[in-house]
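Survey of secondary and tertiary structure
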Amino acid sequence: MSVRELYVKGARVWIPDPDQVWRCAELTKDYKNNIVAVVYDDAQGVERTEDLVVKNDEELPPLRNPDILIGENDLTSLSYLHEPAVLYNLQVRFCNQNAIYTYCGIVLVAINPYDEMPIYGPDTISAYRGHSMGDLDPHIFAVAEEAFTQMERENKDQSIIVSGESGAGKTVSAKYAMRYFATISGSDSETQIEKKILASNPIMEAIGNAKTTRNDNSSRFGKYIELDFTPSYSIMGANMRTYLLEKSRVVFQAPDERNYHIFYQLCSAAEQGKLPHLKLRKPMRFHYLNQGLQEGPMVASKPRKGHQDNFHYLKQGSSPHIDGVDDAEDFIETCKAFSLLGINEGMQEQIFRILAGILHLGNVVLEEGNGDSSAISTGDKSLKTVSELLGIDLEDIRKWLCNRKIVSGREVFTKPMTLTEAVFSRDALSKHIYAKLFDWIVTQINKCFAAKAKPYRFIGVLDIYGFETFEINSFEQFCINYANEKLQQQFNQHVFKLEQEEYVKEQIEWEFINFYDNQPCIDLIESKLGILDLLDEECRMPRGSDQSWVEKLYDKCKKWEHFSKPRLSNTSFLIAHFADKVGYECAGFLEKNRDTVSEEQINILKSSQIALVHSLFTEKEKGAPPTKVKVLPTGSKSKQMKKTVGSQFRDSLNLLMMTLNSTTPHYVRCIKPNDEKMAFTFDPTRAIQQLRACGVLETVRISAAGYPSRWTYNEFFCRYRVLCNSKDIKRNDMRLTCEKIIGNMINDEDKFKFGRTKIFFRAGQVAYMEKLRADRLSACGVMIQKHVRMFLHRNRYRTMRKAAVTIQKYTRGLKARRHVHHIRRTAAAIKIQAAIRGWVKRVQYKRLVYTVTQLQAHARGAWAREKYQHMRRVRAAIIIQKNVRMWQAVYHYKMAMRGMITLQGLVRCFLAKKQLKKLKIEARSVEHQRKLNKGLENKIISLQQKLTEAKLEVGNVKTYKEEIVTLKEQLSEMKGVETQLKNSSNRVSELEAMVAKLTQEVEAERGEKMDVLSEKERAEKENRELVEKLNAENAKLTEELMNAKKEEAKKEGEELLKRKYEAEKQQMIMEYSEEKSSYQRLLKEFNRLEQKNEQLEEQMAKMTGGNSHKRTASNVSNLSGASDAPTELVRDDASEFNSIIVDDDVGYGSVRSRASEASDNSRNLESIDWGSPQKGDTSEIRIPVPEKVEDITLVLQLQNKVRELEKERRTMAKRIDQLENSSSPLDDSQHAQELIRLQELEMENAKLKDDLNRLRKSIADSEPQNNRIQEFMKQFEALQDELERRREECIQLRTVLANRAHDLRSLTQSSYGKDVDIVNEDGELAIAYQTQKQVNRQLEDELKSEKQRHREAETEYKSELDRLRRDNDRQQKLLAQNLTKGGGSQPETLLQSEIMRLTSENLLAVNIRPLQPPQNLQGQVDNLTEQLKKYKRSLKAYAKKIKESGGTGSKRSSTHGSPYGGDPPDLLDVAATTEGEAMPVIRKKERDYMGMFEYDRREEMQIIRVLIYELKPRVAVTFLPGLPAYILFMCIRHTDHINDDEKVRSLLNNIVNGVKRVIKKRHEDLDSTVLWLSNTLRLLHNLKQYSGDKAFQAENTVKQNEQSLKNFDLSEYRQVLSDIAVWIYNGVIKLMEEKVQPLIVPSILEHEAIAGLSGNKPGGMRGRAGSVARELESPVEPQKALDLLLKEMTQFYRTLAMFGTDPELITQVFRQIFYFICAGSLNNLLLRKDMCHWSKGMQIRYNLSHLEQWTRDMRLHEAGVTDTLAPIIQAAQLLQARKTDDDVNSICDMCDKLSVSQIIKILNLYTPADEFEERVPISFIHKIQNKLQERAEGEQAQATLLMNTKFAFPVRFPFNPSSIHLEDIELPESLNLVMLKKV
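Nothing here was measured: the structure is a model prediction, and the numbers come from that model. (Residues numbered from 1 in each chain as written. Predicted model: local features only at pLDDT ≥ 70, side-chain atom pairs only at ≥ 80, totals over all residues. Heavy atoms only, no water.)

**Points about the overall build of the protein**
Helix and strand counts for the protein come out as 52 helices and 29 strands. Expressed as a percentage of its 1879 residues, the buried residues of the protein come to 43%. At a minimum sequence separation of 6, the contacts of the protein that also span at least 24 residues come to 74%. Accessible surface, the protein as shown: approximately 104000 Å² in total, 53% of it carbon and sulfur. (Helix = DSSP H or I, 4+ residues; strand = E, 2+ residues; numbered from the N terminus. Buried < 20%, exposed > 50% of the residue type's maximum accessible area, 1.4 Å probe, protein only. Contact = heavy atoms within 4.5 Å. Areas by Shrake-Rupley, 256 points an atom, 1.4 Å probe, with all protein chains shown as cover.)

Set out below in structure tokens:
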């Protein structure tokens, strides 16, 4: 195929245009005779024609790509690769699709949108994580993901090179790349290095960025940040390198530019009143106020406080503000960033001082002096401020700013500087200080970033300036362009390398591609005698100048092709860079390269008092920092010059290139679309300049020189199958099929190559094949249209004929029906007329009758009402007359009575006055007083008689008191007897256990001795020797026994002391209770006598004749005392009630009320005044106390208890006697002798002890006042008692051993006869002896531990005694205090409560065991009952074993079978009596179960281990759903039943911790997490259902309500379980999402279930040539992905249902999963242009229908699960919908679940799959956007582009009560929970 074949009529080409660079035109006729006739629209839209003359085919205008390729993600995938195609594709994507990123091979082209875009959120980061660069839309995150993934896969360092001119967005792109790394990698250190890396951006932008004419935030330095990673690829540190800071900006800014941001931030802070010490607020006039680039003088304006216009260094650009930037807010952010990076406020203060000093230094006014000198005024405030801020000497800085030192030989001269030199020196110093501070801050940031360990790998992000060219280019532009030349060379080599590697990989023949090599340009700059070398040489010359240097360039560099001299200038030179030819002005090159600062000025700064200033100029610089400054020498020794700026930059650049070459580079080229900073405005002229400069077109050229278009064989066949015949298709060999297709289309073999997996095409061949395909499809379309139109017209004719016949038929029928209808209407009208006329006459008659009747009725009614009114008026007149007459009579009567009464009163008053005079005279007489005194004497005598009777009553009370003391003594004796009985019973049980053990050992030994008889003769000799040895051993054993006796004596003494303390404690308790009871009785009697006393006083007052009533304290006492009798009765009843309910443990002193009682008592006692009684109350009160009902009841109960204990003691004594009688007496004479000898020794020992005791007593009696001796005697007596007790125990043990030895001997004799020695013929007695010694040692260890335990108990008893003494003293004080007070009601209430509490304590303290907490009688009964049940279960088990073993003949007696005699009552043996046959045992149910499991607290962890830790899902699935939760709740119910708060708290805490531990351990096992999610919720529901709350009891049965918790409120634990359930639920969702996530895209987007409908565009049209991205395939095949997804969902559902998860929770789970599926698929769709076409929308909708059908199959569709799929469903519908102007409203209504940005994004991404489909018009998208803006108002969520994949719906756990009865739950045997007992 020749090129001429493509230039035919209708072909579209690109022609040059001065405004738009390239303009699209269309050929009007075929190309011939070197003339191209085109037609195009100009800028005004006028159509123009033009004939272009070309010399040859190579000059033909470039062809335009097909519309299907326009807007591609990758520029190299275009068929025609040339400059206009690249430019137009970028413009379409940027302006029409708002896509700022585009691939160009391995390069990411980023266009600055000058607008905020919602494409950098966490959802976008997660969307790009795990995808290669070609999978999703181009993005900076894709490049970052590529770099991170290659670092992981290839274990190699990576670099991202971001370049572009100022304002193109380099810094933002680098910042987003670092944000991506920080987000996906995390950090291992506690300092969160990724946050610090991101926090360094505000600092670097403040000190290194400035406003320029092209960019408001332009980076004026280059930086390379290395992010260090650990072996697990998490960020561990970072390092930053900077390049070529633009120091000249500190002292000079061009118009419309600013200085560095940090200066303006400081001024903004000063305007707000901050940093006053920097003196930025003081108004001042400035010398440089009128300087700058403005012409003419300026009128001095009044300086503003803190304003940047006050400073010369900030005013020169005349543009101090940036729109949309708040410098004050940025200053706050900068300070926060400093703090986060470890620079404290003190150091920040010093930094700000230096920066302010630089500003004030620029305001120092230099004046011309005499001659060629300069001077600074002594009144210059700026210089003074500089010296204060920098901490330097004022006079020194004043001197050396205007002078310099010259060294000539050995002489040193001080030479004044001219004004120009002084200004330059001042500015050089300012630049040098700022550069030093900049380097120091970078060093501090690196220290903060530095990792402790060596980094494993790193990713470098290079943010460096792009190629720059201005009207005047100086040293800075030269260095920038030099760096870009180096980077472009590296870029070209890398692109070429990748291009060639692809061809080698596919094994195709190719020719090496020639590409532009800029090495000659680099050699011109950096080689020997190059530009930099000549510049350094000129700098070393004493009188070197810019002019001499440029002349050397003209002479030495003219041999280089890239160097040239301008025609009209002798001060500039031209360099032909790779991007363009640039002219440089030589002015300032030498000074900028030298960067000199006076050494005297440096010394002044070294002597600064500010620590930071001093350190900046004294630290030795390590390595090669980015900026070094040469200091002017002062002596001959320092003439060795330091490196110049150019040399430093060259070295650092070479180091950077070495770093980049050692890594895998990734390229980002930033493009500035326009100079006006307008959003989404594209200037082709500016864009093409940058594309040429950044190397994008070079990439396109390299790709176009090879084979840019690449197709896999399958994709090529699917796309171009229409161009081949069926006979040419070989399904098994796609390559052969493709070769036949291409052979029929393209004849030139150089236009294509066949690789191993791909077909490679030259540029333009894809467009040619697309043309052929379109022609073939057009021909097929014409054929189809012809047949379809014929079919349609034939059908139309047949339809019309059939319609005509049908119309005729229906018309005739209609006419006939109308005639019949007329006849029927006539007949009906006649009938209607007759009926109507009759009805009218009837109505008229009825109306007349009604009228007459109504008239009569109204007339008669009016007459009747008038008569009734007359009668009413007559009756009313009569009533009025009656009342008036009655009132007159009553009035006359009252007036008469009033007069009579008045007269009587006057008469009686006169008589009373007369009588009063007589009484007064009589009262003064003596006889009257005698009569009164006589009555009083009689009353006094009667009172004395009553007092005598009261004394008699007191005597009776004393008698009662003595009797009570006697009874209490008897009670204490009974308690001692009870204690002895308990000890004896315990001892008997121990002896029985020991006897049983010995019996078992004897039986075991009997079996072992059966083999001894056969070895009798062999062991006789050894037996004799062993006997001798045993005799010796016996002697040693005797000695050991003596030592043991001594130790036992000590132990017995300790035990005696212990018993003594116990006895003392019991005595103190008894005394305490007696004192309390006596106090209560006395107080009550006191109240009673007080009441009697008050009654007597009242009677006495009545007898005196006083009638007045006076309220006194006695009256109050009487009122309160009047209720004593009923109160006493109530109190008695209460005491009896307490004695009754004490079994339920609810009274005072019970477990439940002990804590609250103690707190209440402590409150009451603390509120009492414990002071001494008031003075004057010294009289002793002796009150007779009546006998108390409570004491009698207590005594009776104690007597009953004593009788029971006595009975039990007698029973135990009988059993001991039986056991002693059952053992046979010893017959051995030797043993009898030993017993006699032992008795004699004991008698002798007893005598010695008596003598010793008498001696001790005599010593103690001799010194009775010595308390220490008395205390020692008491202790010794206690030890003696303990020793006696221990001796008795040893005797008993010896007796047991002797009996055992006798039994063994008798057994041996019965077995072996006289040959007893055969027993020890094999030495087993020695072995037994050694074993016995070990046992003895073990017993000794146990004895020591027991001794330690007793000591601890002794300490506890002592502390208890001390506490009781203190309590006793306090009670005595309380008694005295209350007895001395009046008859208030508060002491009575307190005493009543004390009586109730002490009574309960006395009843509960009947049986107090040592070392155990007190228990009530009911608790003992419960314990005995439980032991009985345990023994019964043991008997059942033994009986079952006996029957299983067939032992029917050896039945034990009833006394041995059960300790209670007889068989167990709950065993009913119905087995047959035949031998060898064992029938099953029928168990009789004792009672109805309460639905609880009882357990011992020591077994709690075992229960948790079985039910939680070790429970496997495969085992749990065989149980009742939620069985572990039911079991645990039944255990909780039992703790509630026994009211043990510690036990329930321990159980619940262990349950919670156990569940957490299991979930953390098995968080990756879905079955385990679902199992415990279900059980946690079941336990939560049970706690609610049985909480007793009526809200949860609606569905309970009566039995379930009875089983509610009675004592505990577990609402807080319900909240804890709810939180744990939420945590487990989130874990389940996470597990499911992890399993579903790899299947979402293949199953929803890539799965093509509809045959013949291709859903994807072929890879050759969207592939990225030269991409180094991962070639990862989907984890599953797309055709199988949907089935796998449905299978996973089904498995999820079965797992949830299998473990009994609530249906509501299952709905919530799948609602969340479906949302995750929707978010993942929609986010992927929004980032994939190849998916956005109508066929893919149909495929997606069909795939989603399978999910909808699955929800219907699982009955989840009614719960709204599928509603979460609405966004992706609407997106699929949007792809299928028509996109015309008439469909705007329907599309907006249809896509109500999609945000505005999502709808616009899909429409922008929409691409026709073929040329026959039209593209979406831009006008249509604008209409949709305008329509949607109305809906988007007020909706913040509509601004988001991607769905939040981390969003979670609120979790709700609806209450689901259980219908299972707790009493019906049984424990499975597989759980092995024998420690649980169902009650």
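**What to know about the pattern of salt bridges**
Within the structure shown, the criterion is met by 34 salt bridges. Aspartate 427 is paired through a salt bridge with arginine 426; the nearest N and O atoms lie 3.2 Å apart. In this structure, the salt-bridge partner of lysine 592 is glutamate 476, at a minimum N-O distance of 3.1 Å. Of this pair, lysine 592 sits in helix H17 (residues 589-594) while glutamate 476 sits in helix H13 (residues 475-506), and the two are 116 residues apart along the sequence. Exposure remark for lysine 592: the relative accessible area of 29% places this residue in the partly exposed category. The exposure class of glutamate 476 is buried, given its relative accessible area of 16%. One continuous salt-bridge network, built from bridges that share partners, spans Glu165, Lys672, Asp675 and Arg686. (Salt bridge = Lys/Arg side-chain N within 4 Å of Asp/Glu carboxyl O.)

**Regarding the packing of aromatic side chains**
Considering all chains together, one arrives at 39 aromatic pairs under this definition. Aromatic ring contacts, followed pair by pair, group Phe475, Phe478, Trp549, Phe563, Phe573, Tyr584 and Phe589 into a single cluster. Directly above the aromatic system of tyrosine 554 lies the positively charged group of lysine 565, at a separation of 5.3 Å from the ring centroid. Lysine 1878 extends its terminal NZ or CZ atom over the ring of tyrosine 1489, reaching a point 4.7 Å from the ring centre. (Phe/Tyr/Trp six-rings, centres within 6.5 Å; stacked < 30°, edge-to-face > 60°. Lys NZ or Arg CZ within 6 Å of the ring centre and 35° of its normal.)

**Comments concerning the nonpolar core**
Formed by 312 residues in total, the largest nonpolar core has its most connected members in Phe181 and Phe573. The greatest single-element share of this core, amounting to 15 residues, is contributed by helix H44 (residues 1611-1646). In this structure, Leu6, Leu52, Cys724 and Met769 belong to the second largest nonpolar core, which totals 37 residues. (Core = buried A, V, L, I, M, F, W, Y, C linked by side-chain atoms within 4.5 Å.)

**Quick notes on the environment of leucine 1096**
With respect to the secondary-structure elements, leucine 1096 resides in helix H27 (residues 1020-1103). Taking C-alpha positions, leucine 1096 is 8.2 Å from leucine 943, a pair spaced 153 residues apart along the chain. If we skip the residues at most four places from it in the chain, leucine 1096 touches Leu943 and Lys946.

**Re unusual backbone geometry**
Excluding glycine, most residues fall at negative phi; most peptide bonds, likewise, are trans. A positive phi angle, near 60 degrees, is found at tyrosine 233, a position not held by glycine. With respect to the helices and strands, the residue tyrosine 233 is situated in the loop between strand E10 (222-229) and strand E11 (235-243). Look at tyrosine 233 and you get buried, because its relative accessible area is 14%.

**What about the packing of helix H3 (residues 140-154) against helix H4 (residues 170-185)?**
For the pair H3 and H4, the least separation of the axes is 9 Å and the interaxial angle reads 50 degrees. Here H3 is positioned oblique relative to H4, judged by the angle of their axes. Two packed elements cross with a definite hand, and for H3 against H4 that hand is right-handed. In contact with Ile140, Phe141, Ala144, Glu145, Ala147 and Phe148 of H3, H4 contributes Ser173, Tyr176, Ala177, Tyr180, Phe181, Ile184 and Ser185. (Axes fitted to C-alpha atoms, helices over the stretch in contact; angles between N-to-C directions. Parallel < 35°, antiparallel > 145°, perpendicular 65-115°, else oblique. Left-handed = near helix turned anticlockwise from the far one by under 90°.)

**Examining the environment of tyrosine 1072**
Looking at the element boundaries, tyrosine 1072 is found in helix H27. A relative accessible area of 10% means that tyrosine 1072 is categorised as buried. On a C-alpha basis, the gap between tyrosine 1072 and aspartate 1367 in space is 8.6 Å, while along the polypeptide they are 295 residues apart.

**As for the confidence of the model for the protein**
Across the protein, pLDDT averages 76, with 75% of residues at or above 70. For residues 1382-1387, every residue scores under 50 in pLDDT, and the model assigns this stretch four contacts once sequence neighbours within four places are set aside. The model gives residues 1658-1674 a pLDDT under 50, and that stretch makes 58 contacts with residues more than four places away or in other chains. (pLDDT = per-residue confidence, 0-100.)

**Overview of a nonpolar patch on the surface**
Nonpolar side chains collect at one region of the surface, where Ile784, Val788, Phe791 and Leu792 lie side by side and expose about 380 Å² of accessible area between them. Within the secondary structure layout, leucine 792 lies in helix H25 (residues 765-923). (Patch = residues over 30% accessible without salt bridge, like charges linked within 9 Å, V, L, I, M, F, W, Y side chains within 5 Å.)

**Considerations on helix H6 (residues 261-271)**
H6 sits mainly inside the fold: 10 of its 11 residues count as buried. For H6, the full list of buried residues reads His261, Ile262, Phe263, Tyr264, Gln265, Leu266, Cys267, Ser268, Ala269 and Ala270. One or two residues past the end of H6 sits glycine 273, with phi positive at roughly 90 degrees.

**What to know about a negative patch on the surface**
A cluster of acidic residues, Glu1039, Glu1040, Glu1047, Glu1340, Asp1341 and Glu1342, forms a negative patch on the protein surface. The set of elements that each furnish at least two residues to the negative patch consists of H27 and helix H34 (1324-1380). With respect to the secondary-structure elements, aspartate 1341 resides in helix H34. (Lys, Arg positive; Asp, Glu negative; His and termini not counted. Charge placed at Lys NZ, Arg CZ, Asp CG, Glu CD.)

**Structural notes on the packing of helix H9 (residues 345-362) against helix H10 (residues 381-390)**
Running from N to C, H9 and H10 point in directions that differ by 160 degrees, and their axes come no closer than 9 Å. Overall, the two elements H9 and H10 adopt an arrangement that is roughly antiparallel. For the pair H9 and H10, the crossing hand works out as left-handed. For the pair formed by H9 and H10, the contact residues are Arg353, Ile354, Ala356, Gly357, His360 and Leu361 on the first element and Ser382, Thr385, Val386, Glu388, Leu389 and Leu390 on the second. When its residues are assigned to classes, the contact of H9 with H10 shows six nonpolar, four polar and two charged. (Nonpolar A, V, L, I, M, F, W, Y, C, P; charged D, E, K, R; others polar.)

**Considering H25**
Structural remark: α-helix, 3.6 residues per turn; residues separated by three or four positions point the same way. The terminal C-alpha atoms of H25, which comprises 159 residues, lie only 153 Å apart, well short of the 237 Å expected from a rise of 1.5 Å per residue. All buried positions along H25 are accounted for by Gln765, Val766, Ala767, Tyr768, Met769, Glu770, Arg773, Ala774 and Gly861. Structurally, H25 contributes buried residues whose contacts are with strand E23 (709-712), helix H23 (713-720), helix H24 (734-745) and strand E25 (758-761). (Expected span 1.5 Å × (residues − 1).)

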